[in-house]
Amino acid sequence: GENVEQHPSTLSVQEGDSAVIKCTYSDSASNYFPWYKQELGKGPQLIIDIRSNVGEKKDQRIAVTLNKTAKHFSLHITETQPEDSAVYFCAARGSGEGGYNKLIFGAGTRLAVHP
Amino acid sequence: DSGVTQTPKHLITATGQRVTLRCSPRSGDLSVYWYQQSLDQGLQFLIHYYNGEERAKGNILERFSAQQFPDLHSELNLSSLELGDSALYFCASSVLDLFNTEAFFGQGTRLTVV
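Residues numbered from 1 in each chain as written. Chains lettered and ligands numbered in written order. Predicted model: local features only at pLDDT ≥ 70, side-chain atom pairs only at ≥ 80, totals over all residues. Heavy atoms only, no water.

Colleague: Tell me about the pattern of salt bridges, and name the residues and values.
Modeller: Counted by the stated rule, this structure contains six salt bridges over all chains. Here Glu2 of chain A makes a salt bridge to Lys102 of chain A, at a shortest N to O gap of 3.0 Å. Here Glu2 of chain A is found in the segment before strand E1 (4-7), whereas its partner Lys102 of chain A is found in the loop between strand E9 (86-93) and strand E10 (103-105), with 100 residues between them in sequence. Note that Arg63 of chain B is salt-bridged to Asp85 of chain B, the shortest N-O span being 2.8 Å. Separated by 22 residues along the polypeptide, Arg63 of chain B in the loop between strand E6 (53-57) and strand E7 (64-68) and Asp85 of chain B in the loop between strand E8 (74-78) and strand E9 (87-94) bring together distant segments of the chain. Taking relative accessible area as the criterion, Asp85 of chain B reaches 4% and is therefore assigned buried. (Salt bridge = Lys/Arg side-chain N within 4 Å of Asp/Glu carboxyl O. Helix = DSSP H or I, 4+ residues; strand = E, 2+ residues; numbered from the N terminus. Buried < 20%, exposed > 50% of the residue type's maximum accessible area, 1.4 Å probe, protein only.)

Printed below as a string of structure tokens:
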């Protein structure tokens, strides 16, 4: 079945360092991959997304890369700040009848940025 | 603030009861999605409505139902509640469907079944 694996489950970095979170997906027909940030007590917030016609997308300190052949995509955060501390979720859009309107989420990565 | 409004924020109820969760999508969004977030299952897709019509179902129990009204707000009804139904329930909305547009999540409703 459809599955998204996310690693690591926890990540601790020093302020100013980079953080990388990796995800792999099983459905080769998936073509949309958003990343969400969830702070305590809040809903998931879309921070960046990528569609399968591009290999990389950048927005200030955040970038996402996609390797369709290997079926994996990664989130890169540079110059981390304490306010980047949160749980990050990757997701892949499903496929097939009705499937392309659902997001399959990874289990999440708890990022802690220490001052 | 994503523009998606969910009420109530918190709900505590007893087993066997029925509750209704409400979602107002962002202005102009035609799609509404419901997700359940629990510690053991993570974020799971429940159901998708587009302009009042059900378009896709995920792992939604038969005790759960949803609908989207003409004004595009949506309600998720949970009945015969069990302890295991305790979770965060999120609504998300998008302009069209996920083929071309992004989904934005509300703040969620925390349901506790006692």
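So much for the structure itself; the text now carries on.
Colleague: For the sheet that holds strand E3 (residues 19-25) of chain A, give the residues involved together with the corresponding values.
Modeller: Residues and elements named next belong to chain A. Ordered in space as E1-E3-E8-E7-E6, the five strands form an open sheet in which the pairing is antiparallel. The outermost strands of the open sheet, each flanked by one partner alone, are E1 and strand E6 (56-59). Strand after strand, the sheet turns through a mean of 15° between neighbouring axes, direction not considered. Bridge analysis of E6 against strand E7 (residues 62-67) gives four bridges, and the strand direction is antiparallel. Note that in E7 the partner of Lys57 across the bridge is Val64. (Pairing = 2+ DSSP bridges. Axes fitted to C-alpha atoms, helices over the stretch in contact; angles between N-to-C directions.)

Colleague: Can you tell me about the side chain of Ser79 of chain B, naming the residues and giving the values?
Modeller: Residues and elements named next belong to chain B. Tracing the backbone shows Ser79 in the loop between E8 and E9. In terms of polar contacts, Ser79 uses its side chain to reach the backbone carbonyl oxygen of Arg63, at 2.8 Å. For Ser79, the contacting residues outside a window of four places in its chain are Gln17, Arg18, Arg63 and Phe64. (Polar contact = N/O pair within 3.5 Å; in protein donor to acceptor, adjacent residues only side chain to side chain. Contact = heavy atoms within 4.5 Å.)

Colleague: Help me get a handle on the nonpolar core, residues and values and all.
Modeller: By size, the foremost hydrophobic cluster in this structure holds 24 residues, and its most contacted members are Trp35, Phe73, Leu75 and Tyr88 of chain A. Elements supplying a minimum of two residues to this core: E3, strand E4 (32-38), strand E5 (45-51), E7, strand E8 (72-77), E9 and strand E11 (109-114) of chain A. With sequence-adjacent residues up to four places away left out, Leu75 of chain A is seen in contact with Ala19, Val20, Ile21, Trp35, Ile47, Ile48, Ile62, Ala63 and Tyr88 of chain A. Formed by 20 residues, the second largest nonpolar core is a distinct cluster that contains Leu21, Ile47, Tyr49 and Phe64 of chain B. (Core = buried A, V, L, I, M, F, W, Y, C linked by side-chain atoms within 4.5 Å.)

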